[in-house]
Amino acid sequence: MSRPARGLFLAILLAAAPGFAQEFWPGASYDSHIPTIRQVLGYEPGERITSHAGVLRYLDALAAASPRIQIFEYGQTWEGRKLVYAAISSDSNMKKLAGIRAAIERFADPRKTSEADARKLMGTLPAVVWLAYGVHGDEISSPDAALLTAYHLLAARNDKMTDSILANDVVLIDPLQNPDGRDRFVNYYEQTRGLEPDADPLAAEHNQPWPGGRYNHYLFDLNRDWIALTQPEIRGQVKVLREWYPLVCVDLHEMGGESTYFFSPEADPYNPNLTAVQRANLTLFGRNNARWFDQYGFDYFTRENYDAFYPGYGASWPEYYGGLAMTYEQASARGLVMRRSDGTMLSFRDTVRHHFVASIATLETAAQHREKLLDDFYRYRASAIEEGAKEPVKEYILPRGRDASATDKLAAILVEHGIEVKRATAAFHALDRDYPAGTYVVGLAQPSKRLIRTLLDPQTAMDSPFVAAEEARRKRKERSEIYDVTAWSLPLMFNVEAAANPQVSEGRFEPVAGRVAGEMHGANAAVAYVVPWGSQAAGRLLAAALRQDLTVHSSDRPFTQDGRNYPAGTLIFKVSGNPASLPQKLAALARETGADIYSANSGWVEEGVNFGSRYVLPVRKPAIALAWDTPAASSAAGATRFVIERQYGYPVTPLRTLQLASADLSKFNVLILPPGGDYAGWLGEGGIERLKNWVAAGGTLVALGEAVNFLTESKVELLDIAQEDAARASAEKKDEKKEEKTDKDKRVPGTEIASDAQYEQATRATAELPDNAPGALVRARIRPGHWLTAGAGESVNVMVVGRAIYTPIKADKGVNAAYFETAGKLLASGYLWDENQRQLAYKPLVISQPSGRGVVIAFTADPNFRGMLDGMNVLFLNAVFRGPAHARATAAEE
């Protein structure tokens, strides 16, 4: 529809539409030329839950009616829905929007803009404020509040506060960060609603089926993805934030319906890379929010539950470029109305209003303190440069080691974060060693210094008073106040080296731009083409080659040919048995995947196994099934699927868990059980028996995280290990005297408790699991010489979350392919209870156990946690892609 046509259409609507309800901001007067939500969508704010299409439709209507709003598209979801943001400001600011953005870019770099020039810009630049709504699709009130906020800013008349906001702020509204999850929830809600909204919290409309609307298409929690940047919704936002550098960013959420409203300041602990000025400014905004909530009689709380330690939230990441970021949480009705436990009603309309009022209050604070916020931002970035030049660590060196492609990916992610990364164009010397050309260097004397330390430091510590209080809470069996994981170092998660250098390296360097392509070394090989295993690039090439139906073998033993050492797992593409176009196909795959390929003109090797050895097995093209639906944890199932499909480009067939009990699994040779609870209950006895028969016939069963426990149950017995109680509880159970008591005999011998220690022992449970680990990166040793660990190096780091610790498998039953380090070396990053560290030492991480002609593989910790444990990829790929051949090989060797 053309702009004049849209204008005529709106005019007709305006003429016929009823007046807009002004109860959301009492006393407001609105311009009738700006279309209301009712006039465009057919309902008042809070009467319906607006779909993604409705959000876009209303924003387009506002843009057609007013020059003070402009819509920008910044990406697409996996399901093809548009990601947009709206810029709203005064007529004057909107006319020079491009100039404002260019000036902000100059202002953001104190190396290019002197303090005197920065002062001049502070006098003229508006405060850019980013309001982000609906990152979790089932947190339903904020996108509708976004529409109401946009309307209010454009339509409010004779309102001094709104005029001040428009004059002093450029408001950027991202109305819906997660369109796929939003529409999943809205569609379910519309399917289940009845004659009238049902307030009973047990009603179907309030209770979503698996996987729920919280997550995006690949079931990622987008509010945890701001470190690894795996999802298009977050990558797009990061790009926009780097263009505008908003001084204030707010991420508006929902929480449980029994609560009230949360806004800043956050709870302890705070990330140590945040500054005192930033923490003080959180209170500045919190006080003004409180003023408006007090005026309208809204309940709220601060400094509880929602901390500022983990940097992977949408309300954390902007703080590390120098902005201010805050989480707002509204109690959710999960529908149009919900009855709370005290009998009061929580309406969707009220939740929308609360978020709307908080949004306007935030914009007012930013307008009132525009120049201070600009000054704080400039000083943050200037001080980052100064600190980076003076602190003990001057740079991080990232050598392209065993998995060069993982290091390449890490460097690319850092660039995507806005960090300046250099690549050596020639060899250089630092830290008493020589680094080759291609090595990456990340200097800390740059505006992103604090973000660099946050992402690359091996340890970010919580403050001591908080840790002491947390240990006291644990001792009393109280709820932990650690909100999320305590470790996230990218080099550790990628299992690559990051060397801290106290000096600035000298040499020839260039800025990093673009990815590193693989290379074909030699052409027209007489015998084979060889790809060293153990890298992400080799994994991508294997997946692509199998999809193109190329014949590929893999060596279980290392070998040396033409002076080059090839690790176990190396891929061998024999010329015989492949199409004549093999060289051209592999050359294209090398460019696309980043893998290096070497020509072999003979099958002769100097050391190790030849190409015709029994240790060189064909890689069978896997048909991969993934348990999908309850009891699988939705985000873990999604991450598993994402790693295989999007990081390695190989298709997965998700099967509803109930179907596993009756489906013909013979068409699949790999079945993955994601972390989850009661698989036995969902499969039933018949389903369990079918699963065991499928494995015995040659299937490769891969269980991840909590799913491992299912395989150990007595009714299943596919894995000969057991989950452990806490070590202290097990010891006390052994010391107890066994006494037989009848139902009538409830008495026990008398005891005296003479100390706090005796009291603690008397009240402790005699059988309990280890204390819940909030999330820490721990080290595991790799058992060399086993096919499951081929190419994995000497050790890996994995995220340990929860309470599960398992006994090692006996040597006559299977193999502990990877097991946790000694207690003194176990913790790589984060915080983990001392007792857990001692008990976890030497316990298994990866287990392989044959079953008939098949094989069972267990990862006791999820190797695909949030899709960001790239350092675990090789082990996982070995299980999925090399497992089927070894299932058959194991049976043949028997």
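Treat the numbers as computed from the prediction; the structure is a model and nothing was measured.

J.: Please set out helix α7 (residues 141–155) residue by residue, giving values where relevant.
T.: Compared with the 21 Å implied by 1.5 Å per residue over 15 residues, the 21 Å span of α7 between its first and last C-alpha is a close match. Among the 15 residues that make up α7, 15 are buried, leaving the element largely enclosed by the rest of the structure.

J.: I'd like a description of unusual backbone geometry, backed by residues and values.
T.: For the bond running from Ser 264 to Pro 265, omega is 10 degrees, close enough to zero to count as cis. On the secondary structure map, Pro 265 appears in the loop between β6 (261–262) and β7 (267–270). With a phi close to 55 degrees, Leu 229 is a non-glycine residue in the positive phi region. As for its placement among the helices and strands, Leu 229 is situated in the loop between α9 (179–192) and α10 (232–244). We classify Leu 229 as buried; its relative accessible area is 5%. You will see that Tyr 842, though not glycine, has its phi angle at about 70 degrees, which is positive. With respect to the element layout, Tyr 842 can be found in the loop between α25 (834–840) and β36 (844–851).

J.: Any chance you could break down the pattern of salt bridges for me, citing the residues and the numbers?
T.: A complete count under the given rule lists 52 salt bridges for this structure. One salt bridge in this structure joins Arg 193 and Glu 190, with 2.6 Å as the shortest N-O distance. With a shortest N-O distance of 3.1 Å, Lys 449 and Glu 391 are connected by a salt bridge. Highlighted residues: Lys 449 in helix α15 (residues 449–456) and Glu 391 in the loop between α13 (370–390) and β12 (395–398), separated in sequence by 58 residues. The exposure class assigned to Lys 449 is buried, which follows from its relative accessible area of 4%. What you see here is one network of salt bridges that share partners, running through Glu 139, Arg 214, Asp 221, Arg 224, Asp 484 and Arg 866.

J.: I'd like a rundown of the packing of aromatic side chains, residues and numbers included.
T.: By convention here, two paired aromatic rings are described through the distance between centres and the angle between planes. Per the stated rule, a full pass over the model turns up 46 aromatic pairs. Ring geometry for Trp 78 against Phe 642: centres 6.2 Å apart, planes inclined by 65 degrees, an arrangement best described as edge-to-face. Of this pair, Trp 78 sits in the loop between β1 (69–76) and β2 (82–88) while Phe 642 sits in helix α20 (residues 634–647), placing them 564 residues apart in sequence. Note on Trp 78: relative accessible area 27%, which makes it partly exposed.

J.: Now, about the sheet that holds strand β3 (residues 127–133): what can you tell me, with residues and values included?
T.: Strands sit in the order β1-β2-β4-β3-β5-β9-β6 across an open sheet of seven strands; the sheet is mixed. The open sheet terminates on both sides in strands that have one partner only, identified here as β1 and β6. Both β1 and β2 contribute to a ladder of seven bridges, which runs antiparallel. Bridging across to β2, Ile 69 finds its partner in Ile 88. On top of the sheet, helix α8 (residues 160–168) reaches β2, β3 and β4 (169–174); it is set at about 90 degrees to β4, its chief contact.

J.: Tell me what's going on with the sheet that holds strand β21 (residues 553–555), and back it up with residues and numbers.
T.: Reading across the sheet, the six strands line up as β19-β25-β20-β24-β21-β27 and stay open at both edges, with mixed pairing between neighbours. At either end of the open sheet lies a strand with only one pairing partner, and these are β19 (520–521) and β27 (616–618). As defined by bridge partners, strand β20 (residues 528–531) adjoins strand β25 (residues 597–600) across three bridges and the pair is classed as antiparallel. What sits directly across from Ala 528, in β25, is Ala 600. Against the sheet, helix α18 (residues 536–547) contacts β20, β24 (571–574) and β25, and its axis sits at roughly 35 degrees relative to β24.

J.: Mind laying out the pairing of β24, listing which residues take part and the relevant values?
T.: In the sheet, β20 pairs with β24 via four bridges, with the strands oriented antiparallel. Opposite Val 531, over in β24, you have Leu 571 as the bridge partner. Note that β21 and β24 share two bridges and pair antiparallel. Residue pairing across strands places His 553 opposite Ile 572, the latter belonging to β24.

J.: Lay out helix α19 (residues 582–593) in plain terms, naming residues and giving numbers.
T.: With twelve residues, α19 should reach 16 Å at 1.5 Å per residue; the first-to-last C-alpha distance of 16 Å fits that figure. All buried positions along α19 are accounted for by Leu 582, Pro 583, Leu 586, Ala 587, Leu 589, Ala 590 and Thr 593. Looking straight down α19, one finds its buried side chains confined to an arc of 165 degrees; they lie on one side. Along α19, exposed side chains directed more than 90 degrees from the buried face belong to Gln 584 and Glu 592. Residues of α19 that are buried make contact with β19, β20, α18, β24 and β25. Where α19 ends, the next residue or the one after it, Gly 594, has phi of about 85 degrees, a positive value.

Rules behind the numbers
Residues numbered from 1 in each chain as written. Predicted model: local features only at pLDDT ≥ 70, side-chain atom pairs only at ≥ 80, totals over all residues. Heavy atoms only, no water. Helix = DSSP H or I, 4+ residues; strand = E, 2+ residues; numbered from the N terminus. Expected span 1.5 Å × (residues − 1). Buried < 20%, exposed > 50% of the residue type's maximum accessible area, 1.4 Å probe, protein only. Salt bridge = Lys/Arg side-chain N within 4 Å of Asp/Glu carboxyl O. Phe/Tyr/Trp six-rings, centres within 6.5 Å; stacked < 30°, edge-to-face > 60°. Pairing = 2+ DSSP bridges. Contact = heavy atoms within 4.5 Å. Axes fitted to C-alpha atoms, helices over the stretch in contact; angles between N-to-C directions. Arc of directions from axis to C-beta.

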